[in-house]
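Residue strings, one per chain:
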Number of protein chains: 2
Amino acid sequence: MPEFNAPLRDMRFVLHEVFEAPALWARLPALADHVDADTADAILEEAAKVTGQLIAPLNRSGDEEGAQWQAGQVSTPKGFKSAYDTYIEGGWVGLSGNPEFGGLGMPKMLAVQFEEMLYGANSSFALYSALTSGACLAIDAHASHDLKSTYLPPLYEGRWAGSMCLTEAHSGTDLGIIRTRAEPQADGSFNISGSKIFITGGDQDLTENIIHLVLAKLPDAPAGPRGISLFLVPKVLVNADGSLGHGNAVSCGSIEHKMGIKASATCVINFDAARGWLIGEANKGLAAMFTMMNYERLSIGIQGIGCAEASYQNARTYARERLQSRAPTGAVAPDKMADPIIVHPDVRRMLLSMKAMTEGGRAFASYVGQQLDLAKFSTEPQEQQEASALVALLTPVAKAFFTDTGFDSCVLGQQVFGGHGYIREWGQEQLVRDVRIAQIYEGTNGIQALDLLGRKVLANGGVTLRMFTAQIRDFATQPGKPYASELLEAVQRLEDLSDWLQARARVNPNETGAACVEYLHLFGYVAYAWLWARMADVAQRSLSADPAFYSAKLATARFYFNRLLPRTLSLEQAIRAGSDSLFELDAANF
Amino acid sequence: MPEFNAPLRDMRFVLHEVFEAPALWARLPALADHVDADTADAILEEAAKVTGQLIAPLNRSGDEEGAQWQAGQVSTPKGFKSAYDTYIEGGWVGLSGNPEFGGLGMPKMLAVQFEEMLYGANSSFALYSALTSGACLAIDAHASHDLKSTYLPPLYEGRWAGSMCLTEAHSGTDLGIIRTRAEPQADGSFNISGSKIFITGGDQDLTENIIHLVLAKLPDAPAGPRGISLFLVPKVLVNADGSLGHGNAVSCGSIEHKMGIKASATCVINFDAARGWLIGEANKGLAAMFTMMNYERLSIGIQGIGCAEASYQNARTYARERLQSRAPTGAVAPDKMADPIIVHPDVRRMLLSMKAMTEGGRAFASYVGQQLDLAKFSTEPQEQQEASALVALLTPVAKAFFTDTGFDSCVLGQQVFGGHGYIREWGQEQLVRDVRIAQIYEGTNGIQALDLLGRKVLANGGVTLRMFTAQIRDFATQPGKPYASELLEAVQRLEDLSDWLQARARVNPNETGAACVEYLHLFGYVAYAWLWARMADVAQRSLSADPAFYSAKLATARFYFNRLLPRTLSLEQAIRAGSDSLFELDAANF
């Protein structure tokens, strides 16, 4: 049975050493009083225990048993309810929630580490509270004070859970064509009718109530995405005093049978004139929902990192223990029947690829967390606005690049095991199945790429992009920084391509879609190069303090620059090939 | 429920038009009399019916039910036995078998098309006879006339099946350390004792008998791979008249629970002083087994193509039917609520990537089939030897490149479906799970890459490689060939890198392992470039005869050269980075 141990040393490295988060927290009034380096470390250590000892042991059994649906009720696998109760007692669901309504108000930079542990330990379990955190964010940002004070406290406590109801059978990426309706009632509430699919945690037996955030159309709403409103629809109606009342007209029609995340219930949820309340303004529901969506996108990105870290830990252990063949340069364990497979160059290539991408991803997630904290807590308007813009730019990269490369890492981690990687008991194949969904849900990675290139880069003429690349240039042009010339070359490539695409897309609207996936990957590799250079910079300076730890960082950075960053060359060529060769073929001749 | 339709038109294109197989068959005496273009087409059409109508419909249900093990007996999923009986009546198992013992003696170029259909229809089902064909090949090549005449006819008929027993719990890649023993008996037979794992079709309820080909060590055999012998061990002993006698001391201890190919029984097989007979010479079993292994390696490569083709067919249908959002250049189906997603550049990129790699793979498999036919049937010694050398060179490329890119294609085909791709009922996720094993079994793709670069390229100073690249140069330097300059540049890159690696590997034995996976991929992309140029050449000349079909070939070739071949740039950079950055890290510091 595979174990999961949160990579605490690596997380502290990123948090304290690379980003010097405690110094940032100290200067932000909303954080200064209740988080410092020691608090953060204590939280991370406790989180490591909860995820490693309580939640990870349910990962395999949860996959075997799966969520079950019977007579309209979902039951989670054995052990989930009891573990969930212990988990919420720790206050984890409200970790970065609004303290006014019972949240703990912790910085996102810390929360992203916790999320990584949670997904690494058990992606299915993680999802039951991930949606709650996102729903809280949307409620906190857009709902009335009444709704907030009624719903946020039990949600932060984890006694209630949240869900996100967007997709319908005919409408996934294209939300403009949803059919769910909302009829205004005399008391200011709405009757919601329609059927939603793919609702993660749409039903379960872990919480007393489930608060669905539902996209629906008001009568006479304009067609398309500008006619969508957001509603809060509880599974169980809530009395004025906050106690639970009657059941609402919300039912779970079935659950999906899926490739992975089998312990997470993916539900069909039917609303039959269910009572709901408007969140934010009428017809502006999509924007309000995006508060939740953007949160979930980063969170799902982090699923990619968490699963990759889990796969890496297993593969590393196996590679050190499995004896097979001799090292090319001669036996290293002549007393044994064969050498551990970690002596083989190709096994090392696989492990280092996983390690470099996972640690690069962790640093990137922490950087996005830092920008989220600045966007939320900074008292300087310009800093706050720049951080918001960077979050908008980087969220699609985080979601898609973490999960595309996280999937690749899980596949590599399975490959290290040879035939044993294909067998269920070792857990490596489950990670591949579980992480695969992260490339698809919360907006497919193709949609993330379109969002990045079309909306976040080209639509504002590359202004935000330049804000980001300026940080990279600023680092690389300081004296004595490692990999400075490689970094400047990489960032130049990204800027040149962006300019080139800006001109091309003006002439042909197909160019954005033709280039976007490769562009997002190229963006990701350049961003990781910056983060690896920053990590190497810290490691270089700290080397003597802990040579084993810091020299591993330096070696991984070198591997990244030598073997992974060159992928940008091919990506550039594919982008520059343009859209023409995609459109020579009639749909009928495929 | 997904359908599978054999791509007959594409297969005929490759067979008749690109490789002009009928002309080759006509000049080879062993083939001239019993196969021509019409026979081949009739066989392919019949094969399409059997695979599409009989075998494909059992793919989903076979996955849901899986192979079962109870009290030492394996049962295959519902419908498998009856379909298998019908299947073997068609004589398919002996399609390219030796006519002297009841095989049909058909060319391998034809058989590879059939294998692709079989894997595309149902990989689990395909495996039950794929191992038989490989076992026949090894028996035919190395066993005594007595063993051949006893065992080959019922194997070719499919009444009996074959299995390949190599792996033991502690010994997979490293066969030198196997522990299974063979004790010589007075009557010339051997008592085989040991336990083998991961035995595909090691037990089942489809055939009367199972003929295990087992690697074992004779008493006093030399240590390592030079002390391994190959034995034929039937599940049921065979009387002198060919009828079935007593059960042998062979038992199935359990079956594995796997990520995919669930309807294929992967068995632990225990031999307890089971009677067996030596195949070939003592201590030369590995070489004899490689006759089977090489067959299986190509076959498993073709699994990659078959699954990718199935995934492509489903994704194409879905992309034409699923309505979602509008084309970037304006609505193409203004009367519908949205456009079919095939209008979106990124969906086309995914489909074209699949199409280009699958058709490139089919052409490559056919080329290897052609060389196998020349190696077996040519009457000119030089042609025969060159073909044998090319087969040795290209087999690891076929196995690993077909399956690595086949896996990628299946992942893309799942992605086209968005959330629906993750749901079991659509079948796309099963293809991902089923094809994944093909990168692992029959020698992991890392081992294939080592075999290619170390044994097949560097060990003979690039002589065979030059034989292959000379064919590419020969094509590209003929007047008027399409993509000639791109091809010459690509082949130069492959040759230069090979020379560079030759020099490096002499100095540092780690260089081969450090470069081999990227080298194999680069080799694959260059080979496909040649094949796409050849296909484009034919299509150009035939365009007016069927513009829709041939223009699709030209468009796909252009896509391949524009968007996929540039991957060689990054692969080259990664190769040239060398092995140093793989060895900076101590095993303890990973």
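Residues numbered from 1 in each chain as written. Chains lettered and ligands numbered in written order. Predicted model: local features only at pLDDT ≥ 70, side-chain atom pairs only at ≥ 80, totals over all residues. Heavy atoms only, no water.

Trainee: Quick question: what am I supposed to make of the pairing of strand E11 (residues 266-279) of chain B here?
Mentor: When a strand is regular, its side chains alternate between the sheet's two faces. All names here are of chain B. Pairing between strand E5 (residues 190-200) and E11: 8 bridges, direction antiparallel. Bridge pairing links glycine 194 to phenylalanine 271 in E11. As paired elements, strand E7 (residues 229-234) and E11 share 3 bridges and run antiparallel to each other. Within E11, the position partnered with leucine 230 by the bridge is isoleucine 279. Note: strand E10 (residues 250-255) against E11, 5 bridges, orientation antiparallel. Looking at the pairing, serine 254 lines up with valine 268 of E11. (Pairing = 2+ DSSP bridges. Helix = DSSP H or I, 4+ residues; strand = E, 2+ residues; numbered from the N terminus.)

Trainee: Where do I start with the interface of chain A and chain B in this structure?
Mentor: When the parts come together, some accessible area is lost, and that loss is often what is quoted as the size of the interface. Counting from both sides, the interface comprises 93 residues of chain A and, opposite them, 93 residues of chain B. The three residues of chain A that bury the most area against chain B are Tyr422(A), Arg563(A) and Phe590(A), which together make up 12% of that side's buried surface. One can count 4 salt bridges joining chain A with chain B. Among the ionic pairs, Arg563(A) bridges to Glu518(B), the shortest N-O distance being 2.9 Å. Summed over the shared surface of chain A and chain B, the number is 55 residue pairs in polar contact (both at pLDDT 80 or more). Ranked by residue count, the leading element in the side of chain A that touches chain B is helix H18 (residues 547-564) of chain A, at 9 residues. Split by residue class, the side of chain A that touches chain B holds 40 nonpolar, 30 polar and 23 charged. (Contact = heavy atoms within 4.5 Å. Buried area = accessible area lost by both parts, 1.4 Å probe. Salt bridge = Lys/Arg side-chain N within 4 Å of Asp/Glu carboxyl O. Polar contact = N/O pair within 3.5 Å; in protein donor to acceptor, adjacent residues only side chain to side chain. Nonpolar A, V, L, I, M, F, W, Y, C, P; charged D, E, K, R; others polar.)

Trainee: Can you walk me through the relation of the copies chain A and chain B in this structure?
Mentor: To go from the first copy of the chain to the second, apply a rotation about an axis and then a shift along the same axis. When chain A is brought onto chain B, the operation consists of a screw motion whose angular component is 180° and whose axial shift is 0.0 Å, with 0.0 Å RMSD remaining. Taken together, the rotation and translation relating the two chain copies correspond to the operation of a two-fold axis. Identified as the residue of chain A closest to the rotation axis by C-alpha distance is Ser570(A), at 2.7 Å. The fraction of interface residues of chain A whose copies in chain B are also interface residues reaches 100%, indicating that both copies meet through the same surface. (Least-squares fit on C-alpha atoms with pLDDT ≥ 70 in both.)

Trainee: Sorry if this is basic, but what is going on with helix H14 (residues 445-458) of chain B here?
Mentor: Residues that lie three or four places apart on an α-helix share one face, since the helix turns once every 3.6 residues. Residues and elements named next belong to chain B. With 14 residues, H14 extends 18 Å from end C-alpha to end C-alpha; this agrees with the ideal 20 Å at 1.5 Å per step. Of all the bends in H14, the greatest measures close to 25° and is centred on aspartate 451. Burial of H14 is extensive: 10 of the 14 residues sit out of reach of the surface. Among the residues of H14, Asn445, Gly446, Gln448, Ala449, Asp451, Leu452, Leu453, Lys456, Val457 and Leu458 are the ones counted as buried. (Expected span 1.5 Å × (residues − 1). Bend = angle between axes of the 7 residues up to and from the residue. Buried < 20%, exposed > 50% of the residue type's maximum accessible area, 1.4 Å probe, protein only.)

Trainee: Help me understand the confidence of the model for chain A, please; the structure alone is not making it clear to me.
Mentor: Detailed conclusions should not be drawn from predicted coordinates in areas where pLDDT is low. Confidence in the prediction of chain A, expressed as mean pLDDT, is 97, and 100% of residues score 70 or more. Interface predicted TM-score (ipTM) for the complex: 0.98; the corresponding pTM is 0.98. (pLDDT = per-residue confidence, 0-100.)

Trainee: Which parts of the structure should I look at to understand the nonpolar core?
Mentor: Looking at soluble globular proteins, one finds that nonpolar side chains tend to be buried together. Counting residues in each nonpolar core, the largest one holds 413 residues, and the members touching the most others are Tyr87(A), Leu213(A), Tyr560(A), Tyr87(B), Leu213(B) and Tyr560(B). Beyond its immediate sequence surroundings of up to four residues, Tyr560(B) is in contact with Ala356(B), Met357(B), Gly524(B), Tyr525(B), Tyr528(B), Ala529(B), Trp532(B), Leu565(B) and Pro566(B). (Core = buried A, V, L, I, M, F, W, Y, C linked by side-chain atoms within 4.5 Å.)

Trainee: Would you mind going over the side chain of Ser366(B) with me for this structure?
Mentor: Residues and elements named next belong to chain B. By secondary structure assignment, the location of serine 366 is in helix H11 (residues 345-377). Look at serine 366 and you get buried, because its relative accessible area is 0%. Looking at serine 366, its side chain comes within polar contact range of the side chain of glutamine 113, at 2.9 Å. With residues near it in sequence (within four places) discarded, serine 366 still touches Val14, Phe19, Met109, Val112 and Gln113.

Trainee: Explain helix H1 (residues 8-18) of chain A to me, please; I cannot follow it from the model alone.
Mentor: Residue and element names in this part refer to chain A. Among the 11 residues that make up H1, 8 are buried, leaving the element largely enclosed by the rest of the structure. Within H1, burial applies to Leu8, Asp10, Met11, Phe13, Val14, Leu15, His16 and Val18. Looking at the buried positions of H1, the neighbouring elements they touch are helix H2 (21-27), helix H4 (37-55), helix H7 (108-121), helix H11 (345-377), helix H17 (510-542) and H18.

Trainee: Hey, could you run me through the environment of Gly301(A) in this one?
Mentor: Residue and element names in this part refer to chain A. Secondary-structure assignment places glycine 301 in helix H10 (residues 285-321). Judged by its relative accessible area of 0%, glycine 301 falls in the buried class. Taking C-alpha positions, glycine 301 is 21 Å from valine 18, a pair spaced 283 residues apart along the chain. Those residues within four positions of glycine 301 in sequence are excluded, and the remaining contacts are Ala398, Lys399, Phe402 and Thr403.

Trainee: Even after reading the chapter, I still don't get the pattern of salt bridges, so can you show me in this structure?
Mentor: For side chains bearing opposite charge, pairing can occur when the charged atoms are close. All names here are of chain A. A full pass over the atoms with the stated rule returns 71 salt bridges over all chains. Glutamate 157 is the salt-bridge partner of arginine 159, the closest N and O atoms lying 2.8 Å from each other. Given a relative accessible area of 39%, glutamate 157 falls into the partly exposed group. Note that aspartate 499 is salt-bridged to arginine 466, the shortest N-O span being 3.2 Å.

Trainee: Looking at this structure, how should I read the UniProt feature "domain: Acyl-CoA dehydrogenase/oxidase N-terminal" (unreviewed entry) in chain A?
Mentor: Here, UniProt's "domain: Acyl-CoA dehydrogenase/oxidase N-terminal" (unreviewed entry) annotation points to residues 76-158 of chain A. When the span residues 76-158 of chain A is considered, its composition is 69% helix and 0% strand, and the gap between its end C-alpha atoms is 16 Å. (UniProt positions renumbered as here; feature names shortened; annotations may be inferred.)

Trainee: Honestly, unusual backbone geometry in this entry has me stumped. Any pointers?
Mentor: Backbone geometry follows two general trends: most residues other than glycine have a negative phi, and most peptide bonds adopt the trans configuration. Even without a glycine there, the phi angle at Ala273(A) is positive, about 50°. Tracing the backbone shows Ala273(A) in strand E11 (residues 266-279).

Trainee: I'm lost on the side chain of Asp41(B) in this one. Help?
Mentor: Residue and element names in this part refer to chain B. When you line up the elements, aspartate 41 lands in helix H4 (residues 37-55). Arginine 12 provides the closest opposite charge to the buried, salt-bridge-free aspartate 41, at an N-O distance of 4.6 Å. Apart from the residues within four sequence positions on either side, aspartate 41 is in contact with Arg12 and His16. (Lys, Arg positive; Asp, Glu negative; His and termini not counted.)

Trainee: Help me out: how do you make sense of the pairing of E7(B) in this one?
Mentor: Residue and element names in this part refer to chain B. For E7, the tally of buried residues reaches 6 of 6 residues, placing the bulk of the element in the interior. Here E7 shows a buried face lined by Ser229, Phe231 and Val233 and a second buried face lined by Leu230, Leu232 and Pro234. Pairing of strand E6 (residues 209-216) with E7, which is carried by 6 bridges, proceeds in the antiparallel orientation. The partner of isoleucine 211 across the bridge, within E7, is proline 234.

Trainee: Quick question: what am I supposed to make of the environment of Thr150(A) here?
Mentor: Residue and element names in this part refer to chain A. Along the chain, threonine 150 falls in helix H9 (residues 145-157). Separated by 93 residues in the primary sequence, threonine 150 and serine 243 have C-alpha atoms spaced 9.6 Å apart. Beyond its immediate stretch of four places on either side in the chain, threonine 150 contacts Trp160 and Val238. Polar side-chain contacts of threonine 150 include one of 2.8 Å to the backbone oxygen of aspartate 146.

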